[in-house]
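For reference, the chains in residue letters:
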Amino acid sequence: MSRIELVDAGVTAPTPGGESDEVVVLHPTTLELTERRVALVGPNGSGKSTLARLFNGLVAATTGRVVVDGLDVARKGREVRRRVAFAFTDPSAQLVMPTVLEDVVLSLRRHHRSKQARTDAALATLAHYGLADLAHRSVHTLSGGQRQLVALAGVLATDPDVLVADEPTTLLDLANSALVAETLLGLPQQVVLATHDLDLAQRCDRALLVTDGRVVADGDPAAVVAEYRARVAATR
Amino acid sequence: MSATDLFGAYQPGRSVLHRLPAGAKLGGLAALSLVTVVARRWETSLGLLALAVALLLVARVRVRHLLRVLRGLVGMLGLLAAYQSWQRGPEQAFTVVGALGSLVLLATVLTVTTPVDEIIDVITRLARPLDRFGLRPELVGLAFSLMIRGIPIVLELARETRQAARARGLERNPRAYLTPLVIRVVAHARATGEALHARGVGDD
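Identification of chain B as Energy-coupling factor transporter transmembrane protein EcfT from Nocardioides imazamoxiresistens is taken from an unreviewed UniProt entry. In its Subcellular location (unreviewed entry) section, the UniProt record describing chain B reads: "Membrane".

An unreviewed UniProt entry annotates chain A as ABC transporter ATP-binding protein originating from Nocardioides imazamoxiresistens. Under the heading Sequence similarities (unreviewed entry), UniProt records this for chain A: "Belongs to the ABC transporter superfamily."

If you want it as structure tokens, here you go:
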């Protein structure tokens, strides 16, 4: 598995017109992720999406460092993004090409010079995830579950070491979210998963509870989820 | 929703038109467009219309798909025909509307027989001379695909925003409809940029 390290990594954002000059999105955080399945849980706006986006440089740390397998994300962003794939909540933002096959081909542009090789590799990827039938469909006509699976196939086509997924099941119905969850948990890659699905979080090897821009609990998923439930119950 | 299907219209097939390289088809379409401007006569429009119908048959374009494309056009072409007949007589109206209609049909043949990917490859090749001015041809091609992909998304957002305005009884207030639409389109553009960034598209 890969080693994702945060060394005093924090994120602040300027707030024009606000009371203070800047708002702290993530307080300086130090942690090391080496487990195969890591869940990030916490309320909306807690900073877990920001934390997830630090791992491949989508959000840059304003203080401290983020290091993936010895590569500093701030300086080696390109190499890090080759290793760390990212899946978004809303797959329609992620599917940027008109048809399913073309979208997967887009990921492979760097890996295969020839168009035929790219197409073959993309078809093989789609077949691997059981999506071969959808290859020539317009991404606009897919169901929500199909869209998320195609989006996953698109980012996994390049065979990254790590997949970071930001609430990948939030927009899906029960059957589709179960299907996406099974797909994610069955991947050979290391998976870091921001999620509101606490059952899914409990099936991971480690969970982090993020609240108000801080990691307030970290460890065994069952214990972390229990802590999260207790905290919510206490504020009611 | 005719426009949502304008693109992603590709129907896999084995006709002569399917096997023709995308560059030849695009070039042919461009040449025929030029003909309508240079030889602006009713005979030209009639010829083009006949050619378009012949090519639709050769490409075996599905009737349902064709009807969807036509449904979006009929209103506009009808208005144009009425205006031209009134201003310049029926012959001129046929020349203009016939040429326009046949070009749309020919473009339909192109989108049905050619995967968008191949059209974008042609655009990328054509943009290659721009390389020396620092404009990367792949990015030009990518911009075109994003535009094509963007059309159904913007239509979908427009539908959702209109429904949301109607649900609150604000359908007569253009601000209640346009403001959220613009904001959501920009938000979607940002999300797309983030997704491209995550996939390393801008990195190489």
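A.B. asks: Mind showing me how you'd approach the confidence of the model for chain B here?
C.D. replies: The predicted coordinates of low-pLDDT regions are not to be read in fine detail. Residues and elements named next belong to chain B. With 95% of its residues at a pLDDT of 70 or more, chain B has an overall mean of 85. Ranking the elements of chain B by mean pLDDT puts helix α6 (residues 116–126) last, at 82, and helix α3 (residues 42–58) first, at 92. Predicted confidence for residues 1–6 stays below pLDDT 50, and this span has 13 contacts to residues more than four positions away or in other chains. Interface confidence for the predicted complex, given as ipTM, is 0.79, next to a pTM of 0.76.

A.B. asks: Would you mind going over the sheet that holds strand β5 (residues 71–72) of chain A with me for this structure?
C.D. replies: Whenever strands of a sheet pair, they do so through backbone hydrogen bonds, lying parallel or antiparallel. All names here are of chain A. The four strands are arranged β2-β1-β4-β5 in an open sheet whose pairing can be described as antiparallel. Each having just a single partner strand, β2 (22–33) and β5 make up the two edges of the open sheet. In this sheet, strand β4 (residues 63–68) lies alongside strand β1 (residues 4–14) in antiparallel orientation, the contact comprising five bridges. When the bridges of β4 are listed, I4 appears paired with V68.

A.B. asks: Would you take a moment to explain the interface of chain A and chain B for this structure?
C.D. replies: A common way to express how large an interface is: the accessible area buried when the components associate. Tallying the contact residues gives 24 residues for chain A and 26 residues for chain B. When contributions to the side of chain A that touches chain B are tallied by element, the ones reaching two or more residues are α2 (77–83), α3 (91–94) and α4 (100–108) of chain A. For the side of chain A that touches chain B, the class distribution of residues is ten nonpolar, eight polar and six charged.

A.B. asks: What should I look at first to understand the environment of R113(A) in this one?
C.D. replies: Along the polypeptide, R113(A) turns up in the loop between α4 and α5 (115–128). A sequence separation of 97 residues divides R113(A) from V210(A), and the C-alpha atoms of the two residues are 42 Å apart.

The rules behind these values
Residues numbered from 1 in each chain as written. Chains lettered and ligands numbered in written order. Predicted model: local features only at pLDDT ≥ 70, side-chain atom pairs only at ≥ 80, totals over all residues. UniProt positions renumbered as here; feature names shortened; annotations may be inferred. pLDDT = per-residue confidence, 0-100. Helix = DSSP H or I, 4+ residues; strand = E, 2+ residues; numbered from the N terminus. Contact = placed C-beta atoms within 7 Å. Pairing = 2+ DSSP bridges. Nonpolar A, V, L, I, M, F, W, Y, C, P; charged D, E, K, R; others polar.

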